[in-house]
Structure formats: structure tokens, C-alpha cells
Amino acid sequence: MNDSDGKRMLWVSHMVRIRDNQDQTAFAELFEHFAPRVKGFLIKSGSDASLAEECAQEVLATCWHKAHMFDPARASVATWIFTIARNRKIDVLRKQRRPEPEELTWGPEEEPDQADVMALQQESELLGKAIAELPTAQRELIEQAYFGDMSHSEIAQKTGLPLGTIKSRIRLALERLRHAMK
């Protein structure tokens, strides 16, 4: 058995210990070895450092929670972990994509129905009040994300807050707005 096979078997035994015994020591060793490698992989594939750090932590947390899904007959531990990392990166990129602008029309448009105009004005006023009633931290993030057209990563860089905190606050704010608009 060469050194490479020895390491491969070591990581498989770590995954078995994590799966069967929730062995925190095995997980700590796995994390210590793979987290910087996953982060480096994500940075090399175009992620910024803070996003890569967050994704690496999420990938290793997934390894902990889904250790029962690892099958050494199908892939090495490294292959399994880097596949999770690649899929996580794809998920993040999909979430960051902004919707395409609607097709522009040419020429004069029909005048909108007066009832529709009134309903839109009332909804706009209600939304404005609901946004104003949000806690300051949530309101500022909503304004930056939706009115300032900033990505979550850009907001994290600007504010110095962790990306996860940004996402959580925005998610909570949107939930509050949803309830206020009902």
C-alpha cells in the first residue's frame, strides 16, 4: 500500500467514525485538512475569500450531517467533498443571479386603468410604511440590496458583517414585509 492509498483509507475511516459515532475528533481532523483546500478550490474558481470561507464551512458541515450518504465504493472522501463544494458554489451563483429585465416595448403604451393605479399607489404606501417599521439593521440591508442594487457579498464587504448575517437579516426582513403586506 502506497502513501496515497494510506491517506485515502485514513479519510474513509474518519468518515465511518463520523457516520457511526459522530466522532468530533475525526471531524476536526477532516475539517483541518479539507477546509483550506476547499476554500482554495473555490477561490481559484472565482469566488471571493469571504464567500469561499463561508462555503467551505457549509461544505464541511454538510459532510458532518450527511456522513451516512458517503459511499467509499463510489468515490474517495476528497472527491465527495469537492463535489459537494462544486454543487454549493453552483447554488450560490444561482441565488446571486439577478432577474433579467423585462422586454422593453416601443411606442406609446395604453393608459393604465385608474383602479390599477390606485391599487398600486396603496400597495406602494403600505410597503413604504412596512419598510419604515423594520428594525434599522434590517431596513438598511433591504435598502442596499433592493434599492441600492448591491449583491449580498458587496453589502458584506461594505458593512464588514459576515455574509451569513447579511442573508439572515434580509430573509427576516422579507418575512416581516410579507406579513405586513397581507
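Below, the structure is looked at part by part. Values in this document were obtained by computation on a predicted structure and should not be read as measured data.

Conventions we followed
Residues numbered from 1 in each chain as written. Predicted model: local features only at pLDDT ≥ 70, side-chain atom pairs only at ≥ 80, totals over all residues. Heavy atoms only, no water. Helix = DSSP H or I, 4+ residues; strand = E, 2+ residues; numbered from the N terminus. Buried < 20%, exposed > 50% of the residue type's maximum accessible area, 1.4 Å probe, protein only. Axes fitted to C-alpha atoms, helices over the stretch in contact; angles between N-to-C directions. Parallel < 35°, antiparallel > 145°, perpendicular 65-115°, else oblique. Contact = heavy atoms within 4.5 Å. Nonpolar A, V, L, I, M, F, W, Y, C, P; charged D, E, K, R; others polar. Salt bridge = Lys/Arg side-chain N within 4 Å of Asp/Glu carboxyl O. Phe/Tyr/Trp six-rings, centres within 6.5 Å; stacked < 30°, edge-to-face > 60°.

Quick look at the environment of K66 now. Position of K66 among the secondary structure elements: in the loop between α3 (49-65) and α4 (77-96). On the accessibility criterion, K66 (40% relative accessible area) is partly exposed. Measuring from C-alpha to C-alpha, the distance between K66 and I18 comes to 9.6 Å, with 48 residues separating the pair along the chain.

Attention now moves to the packing of helix α6 (residues 136-147) against helix α8 (residues 163-180). Contact geometry of α6 with α8 gives a least axis separation of 9 Å together with a crossing angle of 95°. The angle between α6 and α8 falls in the class roughly perpendicular. Where α6 approaches α8, its residues A137, Q138, L141, I142, A145 and Y146 are matched on the opposing element by I166, R169, I170, L172, A173, L174 and R176. Partitioning the contact of α6 with α8 into residue classes produces 10 nonpolar, one polar and two charged.

The next subject is the pattern of salt bridges. Overall, the coordinates contain six salt bridges when judged by the stated rule. A salt bridge links D23 to R17; the shortest N-O distance between them is 3.0 Å. By relative accessible area, which is 18% here, D23 ends up buried. Assessed through its relative accessible area of 29%, R17 is described here as partly exposed. One salt bridge connects E143 with R139, and the closest N-O pair in it is separated by 3.9 Å. On the criterion of helical spacing, the pair formed by E143 and R139 is a turn pair, its members being four residues apart in helix α6. Note on R139: relative accessible area 21%, which makes it partly exposed.

Summed over all chains, the structure comprises five aromatic pairs. Geometrically, the ring pair formed by F27 and W64 is edge-to-face, given 5.2 Å between the ring centres and 70° between the ring planes. Here W64 lies in helix α3 and F27 lies in helix α2 (residues 24-44), a separation of 37 residues in the sequence. Taking the relative accessible area as the measure of exposure, F27 reaches 17% and is therefore buried. Aromatic side chains F41 and F82 sit 5.4 Å apart centroid to centroid with 85° between the ring planes, which places their arrangement in the edge-to-face category.

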